[in-house]
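# Remarks on the overall topology
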Amino acid sequence: MLSIPRHSLVARFALNRTLLPAVSSRWKSSSVPSEKQPDDEFDSGGIKISTKPSHHRLEKRTPFMKNMFIGVVDTDLLVYPESLNRDEQSRVVAERDTLEAVVKSGESKESLAEKLRQAGVFGLQSPLNHGGKQLIETELAYFNELVGSKDFAIGLIAGQHNAIVQLLNRFGSDRLKDSCLEALSSGNSTVASALFEEEAPCGTMFSTIASQDADRNQWLLNGTKSFVINGDKAGYLLVLASTKAMEQMNAQDTTITAFLVDAQAKGIKKTEATETFGLEDVKQVTVSFENVEMGSENIVGTEGSGAEVLVELLKSTRVQTSVLGVQLMKQFLNSLIKHCIETKTGGGHIMDIENVGEELAKSACSIYAAESMIYLTTGLLDDFVGQDADMEAAITKAFTAEKLMEMAIQPLRFVGLQALTKGHPLEALFRNSVQFFGQSETIDSVKFFVALSGLQHAGMATHETIRKDRNPAMNPSHVISKMFEKNTIDSPKQFVNLEHFLHPSLDPAAHWIEFSIQRLRLATECVLSRHGSEVVGRHIELIRVADMAVLIYAMLATAARASRAYCIGLRHAEQEIYLANTFCHEGSEKVRVLAKQLEQGQFITTDANYLSLSRYLYKQKEYFFEHPLTKNF
């Protein structure tokens, strides 16, 4: 049985810096067992001033993507979500129209930022009785589209701010909320996350440590946090630190706690803003803490619950920053389309060149898929109580970031050197895209989280099969039955008939998705049988597993959205069907190749050769091959 502690996954990988059913307006009741949870309405604890009806939520479902690793599909979730009913839709559209008028009236970046603050952008997820709008994730994503399309930097700052404010409302004490939520909701003060550290800690999860002073009933915070976005202007900092009680001062630290710290408190020092490749309007600073005094009311959640707070923060920020990434992708594509239409070459317009058109079409598919994943994920978060959607959020971030980077280099191919000229619109987009790709967390660390979460889930569900696979001598009948098994990676079998849950025009996509899910299950079983718990250290194979999961979720979201569009008769629905079938065909082939590589193992593929070469590179500490003109005689 593969068991990997949840907090270890977060600390190690998330923060490592060094149909017919489609016409339904709600998710349906499921035949898959539900997990009952108490309703998690995020009230402030005081008298609730309600000018907005509470969003209706259904019972928690079993994990959607994690179950794909064991070949279980909750077919009810294939209905693309319509999280907002008609009243909610009308209200949020009206509010966004008001905000759009504010955005269009901004003459400069400074005036735009102030007008957005006055319009309540920093209180989008704050509770109503503290002056906020208390938006759900779907509504927030819809608003972030508008803000991000106008100013990526403001969108990034406001997105981080709103995610932390939501955490404070959920996990903060009444005293903490009363002291800061009013100012944070109005935007008069902002909050930034101080999570990342340049140096790897020794013996603790973080080198930043909060120790308890029992005599004065206070905490003392010491350490350094790097890459704090907007840290020069933020009034508060959300800090994650290793903690221990007095009696454990000499023991290995195994807990982390989240604190909300006044950025002006005594003992806090900030460096000059770090020069970054992109996001010139957003400053990143390093913040050091030296015996910063905090009370117990500064704890967000409870002592030792920092991992839970972090998971919730990452879940929200990964989805909402993906919204900003999609806006960058749209700006790239629209600029390139205009350039190709207006620019002539020796033989005609650039738009007449076939390979250019193909690349633009692939970019449109990527944008459509990323957008579909975002709103499928927000639907899971909004419509079910306490839904486990950590993996879906991470997958969405990984897919969006990688596709954005692919689009970022296209101007170098189609436009040429002028795309890198200082001041050119595409140059600014390129810089922001590269910054987005490496912002906050590495994409590989996100993929490690995806793969290990899925493998852990599969390990717990199929541990008996894995045990038999790893002990063939003691289980001969099991080995023989596997030899005659007809369901293989080369020729997977249908098992759930997904075509029954999508529009008939999407039958090809349904078959390709189903084969891909089957291949993910078989590849997962193969990897666990080969490595067991040591799979944690098989990083190349982990990336392949994650890539398969990312592709499958993108295919599912794309097909479900296209099916809904065709069923309700949206404009361009025929093109959406065409796009979905094309995207799923290409994605299925990529999944097949990845699954086959996982089945073959490192000695049949070239993995072992590359690993051997990399060890020699480390040994020589440089590129070591002799020059091609060198002679030895």
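Residues numbered from 1 in each chain as written. Predicted model: local features only at pLDDT ≥ 70, side-chain atom pairs only at ≥ 80, totals over all residues. Heavy atoms only, no water.

Inclusion rule: UniProt positions are given in the numbering used here, feature names are shortened, and annotations may be inferred rather than shown by experiment.
Per an unreviewed UniProt entry, the protein chain goes by Very-long-chain acyl-coa dehydrogenase and derives from Aedes albopictus. Recorded in UniProt under Subcellular location (unreviewed entry), the annotation for the protein chain is "Mitochondrion".

### Here's the deal with the packing of aromatic side chains
The condition that has to hold: Ring pairs are drawn from Phe, Tyr and Trp, using the six-membered ring of Trp, whenever the two centres fall within 6.5 Å, and their geometry is named by plane angle: stacked under 30 degrees, edge-to-face over 60, tilted for the rest. Going along the chain from the N terminus, every DSSP run of H or I of four or more residues is numbered as a helix, and every run of E of two or more is numbered as a strand. Burial here depends on accessible area, computed with a 1.4 Å probe over protein chains only, as a share of the maximum for the residue type. Under 20% is buried, over 50% is exposed, and the range in between is partly exposed.
Scanning the entire structure with this criterion turns up seven aromatic pairs. A centroid spacing of 6.5 Å and a plane angle of 65° characterise the contact between Phe64 and Tyr553, whose relative ring orientation is edge-to-face. On the criterion of sequence distance, the pair formed by Phe64 in helix 2 (residues 64–68) and Tyr553 in helix 17 (residues 539–568) is long-range, its members being 489 residues apart. Tyr553 matches Phe64 in its accessibility class, with the two residues each being buried. Feature note: the residues Tyr616, Tyr623, Phe624 and Phe625 constitute an aromatic cluster, connected by ring pairs.

### Quick look at a nonpolar patch on the surface
The line we're drawing: For patch detection, residues must exceed 30% relative accessible area and be free of salt bridges, and they are connected within 9 Å for like charges or within 5 Å for nonpolar side chains (Val, Leu, Ile, Met, Phe, Trp, Tyr). Surface accessibility in these figures is a Shrake-Rupley result with a 1.4 Å probe; residues are shielded only by whichever protein chains are displayed. Note on definitions: salt bridges are taken to be side-chain nitrogens of Lys or Arg within 4 Å of carboxyl oxygens of Asp or Glu.
Nonpolar side chains collect at one region of the surface, where Tyr610, Leu613, Leu617, Tyr623 and Phe625 lie side by side and expose about 560 Å² of accessible area between them. Considering the arrangement of structural elements, one finds Phe625 in the segment after helix 19 (607–620). Overall, Phe625 belongs to the partly exposed group, its relative accessible area being 43%.

### What about the nonpolar core?
Note that soluble globular proteins tend to have their nonpolar side chains buried in a common cluster. Convention followed: Buried Ala, Val, Leu, Ile, Met, Phe, Trp, Tyr and Cys residues that are joined via side-chain atoms within 4.5 Å together make up what is termed a nonpolar core. Throughout, a contact is declared for two residues whenever any of their heavy atoms are within 4.5 Å.
Counting 128 residues, the largest nonpolar core has Met65 and Ile395 as the members making the most contacts within it. The element contributing the most residues to this core is helix 17, with 17 residues. In contact with Ile395, other than residues within four places in its own chain, are Met65, Met373, Val450, Ala549, Val550 and Tyr553. One finds Leu167, Phe171, Leu181 and Leu314 within the second-largest nonpolar core, a separate group that totals 26 residues.

### So, helix 9 (residues 354–383)
Since the α-helix turns once every 3.6 residues, residues separated by three or four places project in the same direction. Under the convention used in this document: Here the expected length of a helix is defined as 1.5 Å per residue gap, with one fewer gap than residues.
Spanning 30 residues, helix 9 covers 43 Å between terminal C-alpha atoms, matching the ideal 44 Å at 1.5 Å per step. In terms of burial, helix 9 is largely enclosed, as 23 of its 30 residues are buried.

### Remarks on unusual backbone geometry
Although it is not a glycine, Gln134 adopts a positive phi angle of roughly 50°. If you trace the backbone, Gln134 turns up in the loop between helix 4 (109–118) and helix 5 (137–150). In this structure, Asn291 takes a positive phi of about 50° despite not being glycine. If you trace the backbone, Asn291 turns up in strand 7 (residues 284–294). Look at Asn291 and you get partly exposed, because its relative accessible area is 45%.

### Comments concerning the confidence of the model for the protein chain
Here is the rule: As a per-residue quantity, pLDDT reports the predictor's confidence and falls between 0 and 100.
Chain-level pLDDT for the protein chain is 85 on average; 88% of the residues reach the 70-or-more range. Here residues 1–26 is a poorly scored stretch, pLDDT under 50, and it has 84 contacts once near neighbours within four places are set aside; other chains count. Here residues 28–49 is a poorly scored stretch, pLDDT under 50, and it has 51 contacts once near neighbours within four places are set aside; other chains count.

### Things to note about helix 5
For helix 5, with 14 residues, the first-to-last C-alpha span of 20 Å sits near the 20 Å given by 1.5 Å per residue. Of all the 14 residues making up helix 5, eleven are buried; the element is thus mostly covered by neighbouring parts of the structure.

### As for the packing of helix 9 against helix 10 (residues 390–408)
The following threshold applies: All axes here are fitted lines through C-alpha atoms, helices being fitted over the stretch that makes contact, and every angle between N-to-C directions spans 0 to 180 degrees. Just so you know how the angles are binned, under 35 degrees is roughly parallel, over 145 roughly antiparallel, 65 to 115 roughly perpendicular, and the rest oblique. Each crossing gets its handedness from the near helix: less than a right angle anticlockwise from the far helix is left-handed, clockwise is right-handed. Amino acid classes used here: Ala, Val, Leu, Ile, Met, Phe, Trp, Tyr, Cys and Pro are nonpolar; Asp, Glu, Lys and Arg are charged; the rest, including Gly, are polar.
Contact geometry for helix 9 and helix 10: axes closest at 10 Å, N-to-C directions at 160°. Judged on the interaxial angle alone, helix 10 and helix 9 are roughly antiparallel. As helix 9 runs across helix 10, the sense of the crossing is left-handed. Between helix 9 and helix 10, the residues in contact are Ser363, Ser366, Ile367, Ala369, Ala370, Met373, Ile374, Thr377 and Leu380 and Glu392, Ala393, Ile395, Thr396, Phe399, Thr400, Lys403 and Met407, respectively. Residues that form the contact of helix 9 with helix 10 fall into these classes: ten nonpolar, five polar and two charged.

### Overview of the pattern of salt bridges
Applying the stated rule across the entire model yields 31 salt bridges. A salt bridge links Lys447 to Asp547; the nearest nitrogen and oxygen atoms lie 2.6 Å apart. Of the two residues, Lys447 sits in helix 13 (residues 443–461) while Asp547 sits in helix 17, which places them 100 residues apart along the sequence. Taking the relative accessible area as the measure of exposure, Lys447 reaches 5% and is therefore buried. Taken together, the salt bridges that share partners define one network made up of Arg170, Glu312, Lys315 and Asp390.

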